[in-house]
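Listed here are the chains, written in short residue letters.
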Amino acid sequence: MTEQPSNNFDAIVVGAGFAGLYMTHKFKKQGLKVKTFEAGKDVGGTWYWNRYPGARCDVESWEYSFGFSTELEQEWTWSERYSAQPEILNYLKHVSEKFELREHISFNTKVTSGKFNEKTTKWEIATDSKNIYTAKYFVMATGCLSSTNIPKFDGLDNFTGQTFHTGNWPHEPVSFKDKVVGVIGTGSSSIQATPIIAQEAKHLYVFQRTPNWSIPANNEPLTKAKSDEIKSKYQELRKFQLKLPLAAQKAPNRQSAFDVNDQTRLETYEKFWEIGGLSFLGAFRDIPTNPDANATAKEFIINKLKKVIKNERLLEKLVPDHHVGCKRPCSDTGYYETFNRANVELIDSRDEQINSFTSTGIATTAKEYQLDAVVFATGFDAMTGSLDKVNIVGKNGLKLKDKWEEGPKTYLGVGTAGFPNFFIITGPGSPSVLANMVVGIEHHVNWIGDCVEHIERNGFKNIEVLKDAEEDWVAHVNEVANRTLYTTCNNWYLGSNIPGKPRVFMPYIGGFPKYAEKVKAIVESGYKGFAFS
Ligand code: FAD
Ligand code: NAP
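Below is a summary of the structure that appears in this document.

Cut-off values and rules
- Within each chain, residues carry numbers counting from 1 in the order of the written sequence.
- Each chain is given a letter, starting from A, and each ligand a number, starting from 1, according to the order in which they appear as written.
- pLDDT decides what is reported in this predicted model: residues at 70 or higher carry local features, side-chain atom pairs at 80 or more are listed and counted, and totals for whole chains, interfaces and linings draw on all residues regardless.
- Hydrogens and waters are ignored; side-chain quantities use all the structure's heavy atoms.
- Any residue with a heavy atom positioned within 4 Å of a molecule or strand is treated as near that molecule or strand.
- Each polar contact in these results corresponds to two N or O atoms within 3.5 Å; when the atoms are within protein, one needs to be able to donate a hydrogen and the other to accept it, and residues that are neighboring in sequence are counted only if both atoms are side-chain atoms.
- Shrake-Rupley sampling with a 1.4 Å probe provides the accessible areas, and residues are treated as covered by the protein chains on show and by no other component.
- Labels follow the DSSP assignment, with helices taken as runs of H or I lasting at least four residues and strands as runs of E lasting at least two, numbered in each case from the N terminus.
- Charged means Asp, Glu, Lys or Arg here, nonpolar means Ala, Val, Leu, Ile, Met, Phe, Trp, Tyr, Cys or Pro, and polar covers whatever is left, Gly included.
- Residues enter a nonpolar core if they are buried and are Ala, Val, Leu, Ile, Met, Phe, Trp, Tyr or Cys, with the set joined through side-chain atoms within 4.5 Å.
- Whether a residue is buried, partly exposed or exposed follows from its accessible area with a 1.4 Å probe, protein chains only, as a fraction of its type maximum: under 20%, in between, or over 50%, in that order.
- Domain extents, as shown, originate in an automatic or database domain assignment.
- Any residue with an atom within 4 Å of a point lines the site, the site being either a cavity, points on a 1 Å grid over the protein atoms alone where a 1.4 Å probe fits but cannot get out, or a pocket, an open set with protein on both sides within 12 Å along at least 5 of 7 lines.
- Grid points are joined across faces, edges and corners, and a volume is the space filled by probe spheres set on the points.

**Section: the site of ligand 1**
Then step 1. Inspection of the region around ligand 1 gives 32 residues, with E38, T46, D58, Y64 and M437 positioned closest.
Then step 2. Between ligand 1 and A39 there is a distance of 3.0 Å, counted from a nitrogen atom to a backbone nitrogen or oxygen.
Then step 3. Protein chains shield 93% of the accessible area of ligand 1, which is 970 Å² for the free molecule.
Then step 4. With three residues, the top contributor of residues to the shell around ligand 1 is helix α2 (residues 46-49).
Then step 5. Here the shell around ligand 1 is built from residues that sort into 19 nonpolar, 10 polar and three charged.

Here's what the structure looks like:
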């Protein structure tokens, strides 16, 4: 195929969510000729696709927003402590317009492959519109939670009712009025959607394979006074945020659960419960690492649950067996209360498991449920799913998918050996999903931007990850994970929600500040672990 001059770019970015938008802006500002491809019809990524009822952030809105532009910070006003999907989507639309990014983005376009040409040292990138583009730099901003997972249930194709996945929700309004609905899954998406669907549906069955821990979000409107206060000290707040392990939430308590007496422990839990949501995990430093400390958190939550769920059998079903935090905890508004409604039933896999779909519903090992609609709140092929779907081929014909057959291998979660000038934003091996993702995204985009500037200033052709550095980093990521309780259950951090996926802990659990320190030291040492040519 003859290459069109217009198909030749300095940088190609895949995805137009938080990551792709900021990367496009950064490259544009650096004077690079940048092209961005997005499979969706518009910007937004997660917030474009996840339009299910109740979808909202669980990191406070002001924290879950860009810090790179003071002007943007000052002109945008969040309406709630945890804003809902339409507002976050509007924010990202605003970002794309304010920084004139749309002209660089091709929507409705899926990148299908990216091949490194060793002769030209350029990437050749193909899309589903059958065009080939070339670029010196190839950046995947394809998201950690963007490849939806619909389990292969027997008979699903025969089901004649409506089906939805929370991560690919229709753009038109969906009504469950007078309908019998089944929700499969009890992770964060289900926990947000279930209370709202329950209010509308005639009857709702929630099919639970594993219960999860959830803490009330304590969401509230963001008053003008509070919003003004945040705006008046944004810089200070952002600096503080970068020092927190999750790069968000309230400052965690550095004490062990056993540094204090029973009374103080209870009071501390109560204080963190009142803050609400994921901050609860910061009540004591050893909740994620010490089973006994974790047990005290469990006991506290169960006592809270007992106040909402009076039916003992139901309570038993809703209480998880795993350590608090092992599966990503949820942040809810009225989730447990929903099960006290007369039109809601919990179908627990410890009593009966889903066998198959029939033409009119779901058959479990106990009985058949007649359903008008099924909502798959069954999550994502996290962290590697969207990367695996693109045929990425590096040096010597090495396919990324083959290289990662036994689990993803990266250096710092941003690059991988054998793939020159190829970057992943919040890739496996970075804090990514274990911290405020917008902070992680900004950090990576800034790093990639600076690195590209370094390459250009020095007249280099390529940057490449060194194999030894990568191996050491992967070992470190695993070693840190193994010090925690997060590897003791089945969770999507380990890929165990996807049959056949290797069981490898994918994100870096050392906390955002430690990660950022390590990255800074590597750059200051002259990009140790990378080779330039
Ligand atoms: P995404 O927003 O996932 O965007 C990736 C984009 O790439 C998508 O639009 C996709 O269509 C596109 N794409 C993928 N492959 C291709 C391809 N081959 N060709 C073209 N385009 C492609 N994180 C938090 O920190 N706090 C929260 O409160 C929070 N809430 C969340 C709520 C939900 C419902 C979900 C699902 C996730 C949430 N997350 C949260 C994680 C969230 O994914 C990130 O915060 C962030 O939005 C990720 O941005 P991104 O740009 O990296 O990826
Ligand atoms: P998830 O946490 O992976 O939950 C999926 C649910 O589906 C789990 O309960 C899982 O059960 C169940 N499931 C999967 N396959 C099944 C099968 N074959 N049969 C029966 N049940 C099955 O997915 P999610 O709820 O979409 O959340 C994913 C992540 O996105 C979150 O952890 C979070 O990071 C982010 N998110 C955040 C928010 C927010 O509050 N801001 C909201 C939504 C999502 P098992 O546990 O047994 O696997």
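**Side note on the site of ligand 2**
Then step 1. Ligand 2 sits among 23 residues. The nearest are R56, T186, S189, T210 and K327.
Then step 2. For ligand 2, a nitrogen atom lies 3.2 Å from a polar atom in the backbone of D58.
Then step 3. Measuring from an oxygen atom of ligand 2, one finds a side-chain N or O atom of Q192 at 3.0 Å.
Then step 4. Notes on ligand 2: free accessible area 910 Å², of which the protein chains cover 87%.

**Topic: the side chain of S214**
Then step 1. Relative to the elements of secondary structure, S214 occurs in strand β10 (residues 214-216).
Then step 2. One polar contact links the side chain of S214 to the main-chain carbonyl oxygen of C330, over a distance of 3.4 Å.

**Describing the nonpolar core**
Within soluble globular proteins, side chains that are nonpolar tend to cluster in buried spots.
Then step 1. In this structure, F18, F27 and I448 are the most contacted members of the largest nonpolar core, which totals 81 residues.
Then step 2. The greatest single-element share of this core, amounting to nine residues, is contributed by helix α14 (residues 437-457).
Then step 3. Taken together, domain 1 (3-43 + 101-147 + 381-532) and domain 2 (184-376) each give at least three residues to this core, which thus spans both.

**Quick word on the layout of surface pockets**
Then step 1. In this model, the second largest pocket occupies a volume close to 380 Å³.
Then step 2. Elements represented by at least two residues in the lining of the second largest pocket include exactly α7 (234-241), α14 and α16 (512-524).
Then step 3. Looking at the lining of the second largest pocket, its residues break down into seven nonpolar, five polar and five charged.

Fair warning: the whole summary comes from geometry, so function is off the table for now.
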